[in-house]
Each structure stands twice: as structure tokens, then as C-alpha cells.
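The residues making up each chain are set out below.
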Amino acid sequence: MPTKMNLVKAGLGVLLRPEKAKNTPVHLQIEPTTVCNLKCSFCVREKNVFRPKSLSLEQFHGIFDQIQPARVTFAGDGEPTLAPDIWKMVAYARDRGAKTIITSNWTIGPRLAEKALDAGLSALRVSIDAATAPTYVKMRKADYHSVIVEGIRKLQALKKERGQETPDVGFEYVLGRDNLHEMKEAIDLGCELGLCRVNFRPLNLVGIEERESELLGGMSKQQYRDALAEAHAHAQSRDMQTNLEEVIGLLPFYEVRYTPEFNPEGRSPDCIYPWVQVYVAVDGNVTPCCALQMDEKVSLGNMFEAGGFAAVWNGQAYRQMRRDTVKRTIPYKSCVTCEGRGVGKVASLAAKTPGFLKKPKTTAKPGS
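The rules behind the values
- Residues numbered from 1 in each chain as written.
- Predicted model: local features only at pLDDT ≥ 70, side-chain atom pairs only at ≥ 80, totals over all residues.
- Heavy atoms only, no water.
- Pairing = 2+ DSSP bridges.
- Helix = DSSP H or I, 4+ residues; strand = E, 2+ residues; numbered from the N terminus.
- Contact = heavy atoms within 4.5 Å.
- Axes fitted to C-alpha atoms, helices over the stretch in contact; angles between N-to-C directions.
- Disulfide = S-S within 2.5 Å.
- Buried < 20%, exposed > 50% of the residue type's maximum accessible area, 1.4 Å probe, protein only.
- 1 Å grid on protein atoms, 1.4 Å probe; cavity = no way out; pocket = protein on both sides within 12 Å on 5 of 7 lines; lining within 4 Å.
- Points joined across faces, edges and corners; volume = space filled by probe spheres on them.
- Nonpolar A, V, L, I, M, F, W, Y, C, P; charged D, E, K, R; others polar.
- Salt bridge = Lys/Arg side-chain N within 4 Å of Asp/Glu carboxyl O.
- Right-handed = clockwise from strand over helix to strand, strands pointing away.

S.K.: Teacher, can you tell me more about the sheet that holds strand 2 (residues 71-74) here?
M.R.: Backbone-to-backbone hydrogen bonds pair the strands of a sheet. The strands run either parallel or antiparallel. In space, the 9 strands of this open sheet follow the order 7-6-5-4-3-2-1-8-9, with mixed pairing throughout. On the outer flanks of this sheet lie strand 7 (241-242) and strand 9 (286-287), each paired with one strand and no other. Both strand 1 (residues 27-30) and strand 2 contribute to a ladder of 4 bridges, which runs parallel. Across the sheet, the residue bridging to His27 is Arg71, located in strand 2. Of the strands in this sheet, strand 5 (168-175) and strand 6 (197-202) are in contact with helix 8 (residues 183-192), which crosses strand 5 at around 170°.

See the structure below:
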């Protein structure tokens, strides 16, 4: 069971930013499988996964027991619900006091609803990216939209029948050219299904830069801004929780992060992940977050090797990551282009300082 003392130590770590962490991570992101049944237009998986595999239950036990997190998120290059032992993993974490979250395409949801409840899943985030089947097909290259909706309805009905409040269910909606027009309809669908929130995610291009025109081409900045503003107003009118206020606040950053005008020098994120969170891939490789491993194949060590997690967590690579984070000199593109640098800080600086995200005249290398 995660201890209160570890949570206190983690909080102090965020404040003091030591090179050597005295706590273990409070949040574990784990990749239970690299098997997937979709080939989404915006996914980097096809570049990373050549021999799909899954974690064994024994491996998961070892990972969890070494870290003892307060929260576990099952996500990665594969579809978590296709891992053979996923529900045993969820139940194991639940029985040891951890909150459990799955980010899923939910394409086999009707078969999983009862299992999710029995395992004690805390939260389900359904990656749907569309309010209608035709748009879903454009984004995900397969027609599962009606099955996903059916699976959510079944889960919600079972919760009501059993008198359970969990798992709470929300949508994840990656924003691209082909689905920008359905944001309000997705909010309406979420309301109809009794969801707790709808999260909208600006598209991440790290690792799939060559697809920018295919995925974002033809959209003007004004179209994007208008769609976000209209969806935000609509969500408020429907009393649906979203992250749109945060996304809108970060627009000055989103609009330039993949352009030659973006200058990352000295602006790497003020990130807390190296002290409080860890991502463990199916092969045991460890990074502070999923983006570093999935998009850039960064590894700060492998917990299946000698010394296990303790040797990685305060090993030389992790200490260097913490030093670079404090100095704002992290070299990875996933970090430099990450909105996780602090929603309030970037939005505030962008509003107060017109040239904050523009390339200084003294910088000679475009696109650096």
C-alpha cells in the first residue's frame, strides 16, 4: 500500500528538486502490451512495434511491488485491454490501495464492462476522437464507433445496476483536421452517455512529423481558435467538464511549437515528473513519461536488469535528467514541445510578454 510518508517525500521532492529522489514515484504509467487492433492515422506505433508482446502477471507484480504507487495508469503503444492479464493486474493494484486508470480504444467494450467492474477499475478514459462513425473511420482507420458507444452504455448500466460509482468514464479526443468540426457533438455524446468529462488533446507530432500536412493541413489558426472557443462555451452550457480552458490558454504555445519560429533554447519545461511519476514500458525500460519512450525511444534504465527499479530511479541517467530539468536544458524534443511545462505559467507569460515564444534575433538556426 502506498504510504503517506512517501507522498510527503514526493511533495518535498517537487519543491526542493533534489538530484537524488528520496521517495518512490506516486504515479506509475505502465505499458501492459504492445498489441493493438487499430492503425490510427496519428499513432507512432507502427514505427516502434515490430514484435508485439505483453507483460506477464509476474512481471507486473514485480514492477508494482518495487514502486508501490498511489495511482497506476495502464497505457502505451498497445491497447491495454488486449493484455492477457490486464484485469488481474488492475485487481492486484486495487487490492494494494492504488487508484487504477485505463486509457483504452474500448473497441471490445461490450465484452469488458463486467470485467472492469469486477476488477475494481477506478477510471476509464476512452479514446474516441469522433462523435460519428464516418469521422471515427477517418481518424482511426476502422469502424468501431457504434461498438464503443454500446460498450460504454453497457458499463454505465452495470454500474447503476450494482450501485457503483466507479469506474468514472471520460472521452479522450485528439484534435486534427478531420474531427475539429465534431467537438460540440462529442460533448453532447458525452452528456448522453453520462460521462464525467471530455479531454481534448492537440495533436502531438513528435515521431510523425512527416504526417503534419495529412493530419493538420488546411486548418487556419483562426478556425482552430474558433472551434475551441465554441466547444468551450458549449461544454459550459451543458455542464460538461473539459480541459478546454487550459488548451485555449496555451494556444500561443501550441501554434508555434512545431514551426521554425519556435525557439526552445532555455525554455524546456519546469516538469515535476522526474520526481513523482515513472513510465515503464513492456520491455522494462524506464522514463519519466510515456512520450519520451513512445515517441523518441528514450530509456533511463531497465528495471528488469540487475538492481531493479532502485538502481534506475537514482542511477546516473535519472540524476542527469533531474539536473537538466532544474537547469531547463532537457535535450529531448518531446520535453521541449510539451505543454506539461505548466499550464498557468505558459499562458500567463504568453499573455504578458508578446515575444515570449518568438525566436530571438540573436538565434541564427531556424527550427532549432
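S.K.: Help me understand the side chain of His145, please; the structure alone is not making it clear to me.
M.R.: Structurally, His145 can be placed in helix 7 (residues 145-162). Aside from chain neighbours lying at most four places away, what touches His145 is Ile128, Ala130, Ala131, Thr132, Ala133, Tyr136 and Leu189.

S.K.: Just checking my understanding: could you explain the state of the cysteines for this structure?
M.R.: What makes a disulfide is a covalent bond joining the sulfur atoms belonging to two cysteines. Scanning all chains against the criterion turns up 0 disulfides. Lacking any disulfide linkage, Cys36 is separated from the closest cysteine sulfur, that of Cys40, by 6.2 Å. Lacking any disulfide linkage, Cys290 is separated from the closest cysteine sulfur, that of Cys289, by 5.5 Å. Judged by relative accessible area, Cys290 falls into the partly exposed class, the value being 27%.

S.K.: Explanation requested: the layout of surface pockets in the structure shown.
M.R.: Empty space among the atoms can be located by rolling a probe the size of a water molecule over them. Here the second largest pocket defines a volume of roughly 390 Å³. Taken together, 14 residues make up the lining of the second largest pocket; nearest its centre are Glu212, Leu216, Met219, Tyr254 and Glu255. Broken down by secondary-structure element, the contributors of at least two residues to the lining of the second largest pocket are helix 9 (212-216) and helix 10 (221-238). Residue composition of the lining of the second largest pocket, by class: 8 nonpolar, 2 polar and 4 charged.

S.K.: I'm lost on unusual backbone geometry in this one. Help?
M.R.: Only a minority of non-glycine residues have a phi that is not negative, and only a minority of peptide bonds are not trans. A cis amide bond, omega 5°, links Thr166 with the succeeding residue Pro167. You can see Pro167 is positioned in the loop between helix 7 and strand 5. Unlike most non-glycine residues, Asp239 shows phi in positive territory, near 60°. Within the element layout of this structure, Asp239 appears in the loop between helix 10 and strand 7. If you check the backbone angles, Lys297 has positive phi at about 55° while not being a glycine. Position of Lys297 relative to the elements: it lies in the loop between helix 14 (290-296) and helix 15 (308-313). On the basis of relative accessible area, Lys297 is assigned to the partly exposed category, the value being 44%.

S.K.: Hey, could you run me through the pairing of strand 1 in this one?
M.R.: Regular strands show a simple pattern: their side chains alternate between the two faces of the sheet. Side chains of strand 1 alternate between two faces, with His27 and Gln29 and Leu28 and Ile30 buried alike. Where strand 1 meets strand 8 (residues 277-280), 4 bridges bridge the pair, whose relative direction is parallel. Considered in strand 8, the bridge of His27 is made with Gln277.

S.K.: Help me out: how do you make sense of the pattern of salt bridges in this one?
M.R.: Evaluation of the coordinates by the stated rule reveals 12 salt bridges. Ionic pairing is found between Asp95 and Arg94, a salt bridge with its closest N-O pair at 2.9 Å. A residue is classified by how much of its surface remains accessible, and Asp95, at 52% relative accessible area, is exposed. As a salt-bridge pair, Glu255 and Arg225 come within 2.6 Å of each other at their nearest N and O atoms. With Glu255 in the loop between helix 12 (251-254) and helix 13 (273-276) and Arg225 in helix 10, this residue pair connects regions lying 30 residues apart in the sequence. Look at Glu255 and you get buried, because its relative accessible area is 16%. Via salt bridges that share partners, Glu19, Arg319 and Arg323 belong to a single interconnected network.

S.K.: Quick question: what am I supposed to make of the pairing of strand 2 here?
M.R.: Bridge count for strand 2 against strand 3 (residues 99-104) is 4 bridges, and the pairing is parallel. Across the sheet, residue Thr73 finds its bridge partner in strand 3, namely Ile101. Running through helix 4 (residues 86-95), the crossover from strand 2 to the neighbouring parallel element strand 3 is right-handed.

S.K.: Is there a simple way to think about the side chain of Glu31 in this case?
M.R.: Of note, Glu31 is situated in the loop between strand 1 and helix 2 (45-48). In contact with Glu31, other than residues within four places in its own chain, are Leu55, Ala75, Gly76, Asp77, Gly78, Tyr279, Val280, Ala281 and Val282.

S.K.: Teacher, can you tell me more about the environment of Ser56 here?
M.R.: The topology assignment puts Ser56 in the loop between helix 2 and helix 3 (57-67). A C-alpha to C-alpha distance of 9.3 Å links Ser56 and Val282, two positions 226 residues apart in sequence. Those residues within four positions of Ser56 in sequence are excluded, and the remaining contacts are Asp85 and Met89.

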